[in-house]
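# Commentary on secondary and tertiary structure
Here is how the chains run, residue by residue.
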Amino acid sequence: MNRVHVIGFVGTGQAKGIPYSETVYCPMGEDGGVRRDLGVRSRYPSHALARIHGADRLTLLVTDEAEKVQTLWENRSDPFPADLRRAVAWGNEGHPDLKPVPAPRFETIGAGRTMSDQWTLFDTLVRISTAAVDAEDTLVLDISLGFRSVPFFAGTVSTYLRAAGHKGPIKVFYGAWEARQDVEGDTVTPLWDLTETIRLGEVSLAIRVLMETGRMPSSLLEPLRETRGFAALAEALERYNRDFETVNLPALLLGRAATGETPATLVRRLLSSMEAPTGARAPLAHVLRTLEATMNHLSTDESNLTGMAAQRAALGLAERYLAVGRLIEAAITLDEMWPLLYADEDQDQLPFAGEGAPPSKRRVHRVQSRCEERWRAESGPQAKRSGKVRNSFAHGGIQISRREEVDLTQEVGSLLDGYREAIARGRPAVAPVADGSRPGKTPELGPFLNVTNHPSTTWKEDQRSGAEEIGPIVDWPFPRVEEDLTTRDILDLARDEVARIVRLNPRAVLVQGEFVLTACLIPLLQKEGIPVYATVTRRAAETGGFQFLGYRLYPVLTLSEDPV
């Protein structure tokens, strides 16, 4: 059962010895005006709020100074303000449709002049809130008569209760005495609802948590649901969060049958359809723009997982997983989507619920098996590495010997680089399978890879034209070799670099740089069947520069099993 608990403050009055003034406290309407029809006459906004909200419990925090002001009390031994006792009695009259106000409970607090007093206040607010309110109940905080640090503590307590698991509404009000107006012989005072202002901080935090960790706890979505105009966005984020957590690739990349929208495109549509950043949206404008930008990585209008748009979206998804430290999810995305890049463009479509009926499990398995076979035949070491990385996570590293230990963060990042390069090259041209033979790639003119520290943009025309006779030039910076690397370290670096180069299917490679790494790269590239060139130059005596004379193949070199 949802109950309502109102917590407010009682001080010394407008001035010591002068009780609070009587007024008609009125809630604010949607149009910004006061709801006079719901007004409650009282000296205390907490009493009015308890009446308006149908409180089941009313707790008032009384400063120790207020207890010393005799005009507020029947006598020194009576801990209840006399006029408040009377207000509860007569304040229940006049609105027969409203629930009677319960007798208030009182707690004594310090005047708030020291940090000790203020932390005591914080502890008191938390104790009262958590002891008297269930997780689903409504908590109403009235900060009208508190000292000046109370608004800060009210917001802090609200955020704290959310973190502690409170799921019910938390509302904060301020009875704006200074904004009172005389209306038809009565003094009318608005009850400003500050809930949305405090909630915006919680909403901003929730979105930042989502962007920085890839996770949004459901408790952080509650403030977003309770903020006007954001309920639909909260639902979309919850769906995105659920699919992102479970690596539901079809749902994330293609959407669901009911809507045809992915969670990300739904979020982006809701954000773009929102009005200009006014009202509650104005303080959130920056974080919402950042959120929209993070959703661009999943932008696709594909209806099947084998399409290139879906592949690019999968790349963005893998990058997103890696950016928030979700290595396992990134590895799964790569290992599942990369083989589908090798689907037959016209035949191996994997339609999803967004277009027609879902494919049968048998057909899905058949297409995936064919794609994986082509992938392994074409990429070779890359597919093997991907499988080993995924297995490293699946088996907790137990299947990897100490000799094979690797930095999985680096490995996933390297695989991601390879996937990015594969997508940049486009769908591989796959030769038809005949007589049960393994598929092969249609020969094509690959690039002339410039693996040096001299970008081709600095070359003279004769050097450029000579390279272009071999293949289109692609610059590939020579790897940096740190001074403390051993020869074995450099050999490992060369192997990693060759694995990346092979994915580009180069026609030939120009290699010139640090001597030991160059000596390792040459035989490793040649073993892959890739011609390796050096430049032929002559020093020009008159200028001190070099004259380009052509390109020369390195002799065929080999590395022993253990060359170090």
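The structure contained in this document is the topic of the report that follows. (Residues numbered from 1 in each chain as written. Predicted model: local features only at pLDDT ≥ 70, side-chain atom pairs only at ≥ 80, totals over all residues. Heavy atoms only, no water.)

Burial within helix H1 (residues 45-53) is extensive, with eight of its nine residues counted as buried. By the burial criterion, the buried members of H1 are Pro45, Ser46, His47, Ala48, Leu49, Ala50, Arg51 and Ile52. Remark: Gly54 follows H1 within two positions and exhibits a positive phi of approximately 60°. (Buried < 20%, exposed > 50% of the residue type's maximum accessible area, 1.4 Å probe, protein only. Helix = DSSP H or I, 4+ residues; strand = E, 2+ residues; numbered from the N terminus.)

If you look at the biggest cluster of nonpolar residues, it comprises 59 residues, and the most contacted ones within it are Leu237, Leu253, Leu288 and Leu291. At eight residues, the largest contribution of residues to this core is made by helix H11 (residues 308-323). Val10, Tyr20, Leu49 and Leu139 belong to the second-largest nonpolar core, a separate cluster that totals 37 residues. (Core = buried A, V, L, I, M, F, W, Y, C linked by side-chain atoms within 4.5 Å.)

Residue position: Arg503 is located in the loop between helix H17 (487-502) and strand S12 (508-511). A residue is classified by how much of its surface remains accessible, and Arg503, at 8% relative accessible area, is buried.

Right, let's talk about the sheet that holds S12 for a bit. Strand-to-strand pairing in sheets goes through backbone hydrogen bonds, with the strands running parallel or antiparallel. Read from one edge to the other, the open sheet built from five strands follows the order S11-S10-S12-S13-S14, with strand pairing classed as mixed. Two strands close off the open sheet at either side, each with one partner strand: strand S11 (473-475) and strand S14 (546-553). With direction set aside, neighbouring strand axes in the sheet form an average angle of 30°. The pairing of strand S13 (residues 532-539) with S14 spans seven bridges and is antiparallel. Each residue of the ladder has a partner; that of Val536, found in S14, is Gly550. Across the face of the sheet, helix H16 (residues 461-468) comes into contact with strand S10 (448-451), S11, S13 and S14 while running at roughly 15° to S14. (Pairing = 2+ DSSP bridges. Axes fitted to C-alpha atoms, helices over the stretch in contact; angles between N-to-C directions. Contact = heavy atoms within 4.5 Å.)

In this fold, Pro479 is placed in the loop between S11 and H17. For the pair Pro479 and Gly513, spaced 34 residues apart in sequence, the C-alpha to C-alpha distance is 8.6 Å. Residue contacts for Pro479: discarding those within four places in its chain leaves Val451, Leu493, Glu497 and Leu517.

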